[in-house]
Amino acid sequence: MNRIKKLQNRYENELLKDNIPFWEKYSIDHQYGGFLSCLEQDGTCYDTRKFMWMQWREVYMFAALYNSIFREERFLKYAVDGFDFLMEHARKPDGSYHYILNRQGLADADGEAGAEIFSASFAAIAGAELFRAAGEQRFADEAISACQIFRNHTGSADAPPPPEFPGRKHFNQLAYPMILLNVLQIMQNSPGTNAVSDQDVRNCIDRIRSFYNPEYGLIFERRLADGTFDLDTQDGRFNNPGHALEGLSFIFEYCRTHDDAELLNWALKTAENEFDFGWDEIGGGIRYFRDIMDKPVSKNEFMLKAWWPQCESAAAMMRAFELSGNGAFLDKLEQIEAFALAHLKDPVFPEWFAYAATDGRQHHTYKGSRWKTFFHVPRYLLNNALSCRQILS
């Protein structure tokens, strides 16, 4: 248990003394409202635009901290103020959101290659967490509205391609059920934000499992609409280890409160497979992308070790250890964190860099961007700290 206590102390110290103070000091826009996410190494803002994913994620994270054992009244104020800014400036009449705002809150863009729909998923978890914190119906109403928008999209996103492209393959995407599972779980934990049933949650888990290929023992990022897998193209063979492990982490959360030995055993074995497949034996760390058949990956992100796959993989390993007691998962957790602390955590200023090269070298200096904010790192630190406390209790 000394290992667990040591981990707990590190998580809590990093969360409370490094991570939260950095974002609290530099991200909150006291002049115009909302949050600044594009932050240099020392917290200096290098792009004042406000990106919807980042705005809602930060509202959620401060609300989640308020609802945790680390509650501080100011966390709730940050979350409520951010929510109010977004209601005033980002929400469109149909309930969706502008995708990018300028600093003052004027609309800058409404979309980016389909990524905009995930704004609704993050708004849903932010509203649900705020409702659990403060009990005001307006937070629940926004969570319900945003969740419905996202659910409607996940049902239509898998529509067949236009008939003028008969050669285009019709893929379903793992990201939709994986993110929806997290949304539904958070809403379930916030009674009053909608009647989310266990069956709704279980349907999401079944959808995630449909991306699992038993021949490879891995979760594909895409599968064909008929339920089969495309091994002829890079798109079909695409594997994102961090995404797969994040989804498994949400499934572990379900297994905490549901007695389903088959599901738990499958999730544990698949998490082990995804770690082994995603781990870089030469440079260390969880790789961003892989080809299921180990063929070349042409996406430039292949050359990076990103912060969030390390966070989500470490969170999955902690939950796997908590549920199984298998020390091998704790060993894998410590492997991930040894890489992250050596190559991503800044020894000079608090917080993590977003990326390292495949060999661990740093080629940039920023701590936040249009994709990185006060979310993956603090969520992992918070959840792993709570898991440690649970194990030690």
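Here goes a summary of the coordinates provided. This structure is a prediction, so every number in the text was calculated from the model and none was measured. (Residues numbered from 1 in each chain as written. Predicted model: local features only at pLDDT ≥ 70, side-chain atom pairs only at ≥ 80, totals over all residues. Heavy atoms only, no water.)

Quick notes on the pattern of salt bridges
According to the stated counting rule, one finds 37 salt bridges in the structure shown. Across the pair Arg 256 and Glu 253 runs a salt bridge, and its minimum N-O distance is 2.8 Å. You can see Arg 256 and its partner Glu 253 sitting in helix α8 (residues 241–257), three residues apart, about one turn around the helix. Relative accessible area serves as the criterion here: at 33%, Arg 256 is assigned to the partly exposed category. When its relative accessible area of 25% is taken as the criterion, Glu 253 is described as partly exposed. Between Glu 322 and Arg 256 there is a salt bridge; the shortest N-O distance is 2.7 Å. (Salt bridge = Lys/Arg side-chain N within 4 Å of Asp/Glu carboxyl O. Helix = DSSP H or I, 4+ residues; strand = E, 2+ residues; numbered from the N terminus. Buried < 20%, exposed > 50% of the residue type's maximum accessible area, 1.4 Å probe, protein only.)

A look at the packing of aromatic side chains
Per the counting criterion, the structure on display carries 28 aromatic pairs. With 5.4 Å between their ring centres and 65° between their planes, Trp 56 and Tyr 97 make a pair best called edge-to-face. Within this pair, whereas Trp 56 is found in helix α2 (residues 52–66), its partner Tyr 97 is found in the loop between α3 (73–89) and β4 (100–101), the two being separated by 41 residues in sequence. Each of the two residues, Trp 56 as well as Tyr 97, counts as buried. Positioned above the aromatic ring of Phe 277 is the side chain of Arg 290, whose terminal nitrogen or guanidinium carbon lies 4.0 Å from the ring centre. Here the guanidinium or amino end of Lys 367 rests over the ring plane of Phe 353, the centre of that ring lying 5.3 Å away. (Phe/Tyr/Trp six-rings, centres within 6.5 Å; stacked < 30°, edge-to-face > 60°. Lys NZ or Arg CZ within 6 Å of the ring centre and 35° of its normal.)

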